[in-house]
Amino acid sequence: MIRLKFSIDLKYEIADYASDFIFNIHAAHTRCQTVVSEALHLSQPVVPVIYTDPTYGTRYMRLKAEPGELAVRYDATVDIAHHSESPARIVEVPIAQLPPAVLPYIFPSRYCQSDRLHRFAT
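Residues numbered from 1 in each chain as written. Predicted model: local features only at pLDDT ≥ 70, side-chain atom pairs only at ≥ 80, totals over all residues. Heavy atoms only, no water.

A.B. asks: Please clarify how the nonpolar core should be interpreted in this entry.
C.D. replies: For soluble globular proteins, the rule of thumb is that nonpolar side chains tend to be buried together. Ranked by internal contacts, the top residues of the largest apolar core, which has 16 residues, are F21, F23, L63 and L70. The set of elements that each furnish at least two residues to this core consists of β2 (19-23), β5 (59-65) and β6 (68-80). Looking at this core, the element that brings in the most residues is β6, giving six residues. Apart from residues no more than four positions distant in its own chain, L70 is found in contact with L10, K11, Y12, I14, F21, F23, S43, Q44, L63 and A65. (Core = buried A, V, L, I, M, F, W, Y, C linked by side-chain atoms within 4.5 Å. Buried < 20%, exposed > 50% of the residue type's maximum accessible area, 1.4 Å probe, protein only. Helix = DSSP H or I, 4+ residues; strand = E, 2+ residues; numbered from the N terminus. Contact = heavy atoms within 4.5 Å.)

Right under this line is the structure:
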């Protein structure tokens, strides 16, 4: 099990009109990841709407901020139970034989920048 503590600080200056935001900063709730603690701080008195995707546990926060400064801070501690496998049991699979359900995971994401990983692995 790995315990990970992280913080996200975002600052915006909103000019003239109220602005809508959608953030994807909250730790996901998954079968392999448990949120031990978390705290959200917003510099404006807004009420965020937080939505959890029922399939993947990904969480999104929507809010409307007024003109002026908007500071968003999210702190979390999560426990992650990684899957481990013996390298001897891992085999290469031709692209034509990949299950369709894994295709979204082979593209770059904020979790694995596969375009950069390829250069490093090569």
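A.B. asks: Before we go on, may I ask you to explain the pairing of strand β4 (residues 49-52) in this structure?
C.D. replies: In regular strands, side chains alternate between the two faces of the sheet. Sheet topology note: the β4/β5 ladder contains four bridges and is antiparallel. Across the sheet, residue I50 finds its bridge partner in β5, namely M61. The antiparallel hairpin formed by β4 and β5 contains six residues in its connecting segment, where G57 sits at a positive phi of about 80°. (Pairing = 2+ DSSP bridges.)

A.B. asks: Even after reading the chapter, I still don't get the sheet that holds strand β1 (residues 2-14), so can you show me in this structure?
C.D. replies: Backbone hydrogen bonds hold the strands of a sheet together, and the pairing may be parallel or antiparallel. The three strands are arranged β1-β6-β3 in an open sheet whose pairing can be described as antiparallel. Each of the sheet's edge strands pairs with one partner strand only, and the pair in question is β1 and β3 (33-42). Between one strand axis and the next, the sheet turns by 10° as a mean value, whatever way the strands run. (Axes fitted to C-alpha atoms, helices over the stretch in contact; angles between N-to-C directions.)

A.B. asks: Sorry if this is basic, but what is going on with the sheet that holds β5 here?
C.D. replies: Strand order in the open sheet formed by three strands is β2-β5-β4, with antiparallel pairing between adjacent strands. On the outer flanks of this sheet lie β2 and β4, each paired with one strand and no other. Going from strand to strand, the sheet's axes swing by 15° on average, the running direction of each strand aside. Summarising the sheet, β2 and β5 pair through five bridges and their orientation is antiparallel. Paired with I22 across the strands is R62, a residue of β5.

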